[in-house]
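# Observations on the model geometry
Here is what each chain is made of, one letter per residue.
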Amino acid sequence: MHSDTKTIDQFLAENPDVDVSESWERCWGILTDIKNTIASRFSGLQLEPACRDREYYTSPNGEFEGSFQAWSGGDCESLVNSWLGNRKASILDMNATAYLGQDTDVPHFVMVFGTIPKLFFYFDFMPRRNLLVESGYLDKYYAPINDEYLALRGHSNFQWSVSHGPYMRALVNPSTQSLMADLNNTNISILEEYARSMLEHWLKWYDEAQPVPHSERPALRDTDHMLRRLCYERDPMNKLATKMFGEQGVQEMLTLRMGEAQMRRVTTA
């Protein structure tokens, strides 16, 4: 099997017991700083009540540990900073994600670092319009980053990582980076520089965005929420988590990750 289509299980089977604690510290620090930068731009953010006991938690068998924290408020419907894995046994999934409200239609911000134990990086400006027909939206948010995107995509240190989930591949858009590389500080630094540049673009877009007409906001909200639900429910990584937390435990985690309570609250407000 070509390395860009290997499953996570196959990568872990090759190197199952690598201590990735140092990489966790570096990557988690980057993600937390990016989360804090985003949080500083939105007023009224409050920690979701269901996350109060999730600042640190472990799986029933003690093999997985992690943290899940989500904040909501104002025009940031959900700001998530989380990690899950085993720092002594190769596997980590760490992320910073910001799902915006419907005051604007600026793309959502999605960033993931992982180890398997190769370094994994996923970055995405999740579109909120149909890029195939709304070319103005494409030109506004995706054309300006094209050169930076191609420079990283063509970097010899990185190779593309293909999801085995058809829905996850359907999410791929002109901003999507799904890359793997050797786990070292040089590669983490390259990805950090890219992510911080993308964050600058995103914050500028938000600051300059025109408001969405009120009549269009309910439909945009419905699409936003459906995307959030499906991208978590259909993630192939859920299979690995099920081995550690069980079906019920994973369902509880998915409910938190997609922000089901928050989405219900916004919809009925």
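What counts, and at which threshold
Residues numbered from 1 in each chain as written. Predicted model: local features only at pLDDT ≥ 70, side-chain atom pairs only at ≥ 80, totals over all residues. Heavy atoms only, no water. Axes fitted to C-alpha atoms, helices over the stretch in contact; angles between N-to-C directions. Helix = DSSP H or I, 4+ residues; strand = E, 2+ residues; numbered from the N terminus. Parallel < 35°, antiparallel > 145°, perpendicular 65-115°, else oblique. Contact = heavy atoms within 4.5 Å. Nonpolar A, V, L, I, M, F, W, Y, C, P; charged D, E, K, R; others polar. Polar contact = N/O pair within 3.5 Å; in protein donor to acceptor, adjacent residues only side chain to side chain. 1 Å grid on protein atoms, 1.4 Å probe; cavity = no way out; pocket = protein on both sides within 12 Å on 5 of 7 lines; lining within 4 Å. Points joined across faces, edges and corners; volume = space filled by probe spheres on them. Buried < 20%, exposed > 50% of the residue type's maximum accessible area, 1.4 Å probe, protein only. Pairing = 2+ DSSP bridges. Expected span 1.5 Å × (residues − 1).

A few words now on the packing of helix 7 (residues 217–233) against helix 9 (residues 260–268). Helix 9 packs onto helix 7 with a crossing angle of 170° between their chain directions and a minimal axis gap of 11 Å. On the basis of their axis angle, the class for helix 7 and helix 9 is roughly antiparallel. Touching Arg221, His225, Arg228 and Arg229 of helix 7 are Glu260, Gln262, Met263, Val266 and Thr267, all from helix 9. Grouping the constituent residues of the contact of helix 7 with helix 9 by class yields 2 nonpolar, 3 polar and 4 charged.

With respect to the helices and strands, Gln177 occurs in strand 9 (residues 177–181). One polar contact links Gln177 to Tyr194, side chain to side chain, over a distance of 3.3 Å. Setting aside its immediate chain neighbours within four residues, Gln177 contacts Phe121, Tyr122, Phe123, Tyr149, Leu152, Arg153, Trp160 and Tyr194.

Throughout the structure, instances matching the rule amount to 2 cavities of 30 Å³ or more. Counted as a void, the largest cavity has a volume near 200 Å³. Looking at the largest cavity, it is lined by 14 residues, and the ones nearest its centre are Leu84, Asp93, Met237, Asn238 and Ala241. No other element matches helix 8 (residues 237–258), which puts 8 residues into the lining of the largest cavity. Residues that form the lining of the largest cavity fall into these classes: 9 nonpolar, 2 polar and 3 charged. Taken as a whole, the second largest cavity spans an internal volume of roughly 70 Å³. Taken together, Arg54, Tyr57, Ser67, Phe68, Ser82, Trp83, Leu84, Met253, Leu256 and Arg257 make up the lining of the second largest cavity. Elements with a minimum of two residues in the lining of the second largest cavity: strand 3 (65–73), strand 4 (76–86) and helix 8. Grouping the amino acids of the lining of the second largest cavity by side-chain chemistry returns 6 nonpolar, 2 polar and 2 charged.

It is worth spelling out the pairing of strand 6 (residues 108–115) at this point. The buried fraction of strand 6 is high, at 8 of 8 residues. Burial along strand 6 is two-sided: His108, Val110, Val112 and Gly114 and Phe109, Met111, Phe113 and Thr115, pointing in opposite directions, are all buried. One ladder, built from 7 bridges, connects strand 5 (residues 91–100) with strand 6; its direction is antiparallel. Within the sheet, the bridge partner assigned to Met94 lies in strand 6 and is Phe113. Where strand 6 meets strand 7 (residues 119–126), 8 bridges bridge the pair, whose relative direction is antiparallel. For Val112, the partnering residue across the bridge sits in strand 7 and is Tyr122.

This part covers helix 8. Taking 1.5 Å of rise per residue, 22 residues should cover 32 Å, yet helix 8 covers just 15 Å from first to last C-alpha, more than 12% shy of that figure. Just downstream of helix 8 lies Gly259, where phi reads positive at about 70°.

Don't take any of this as a statement about function, it's just geometry.
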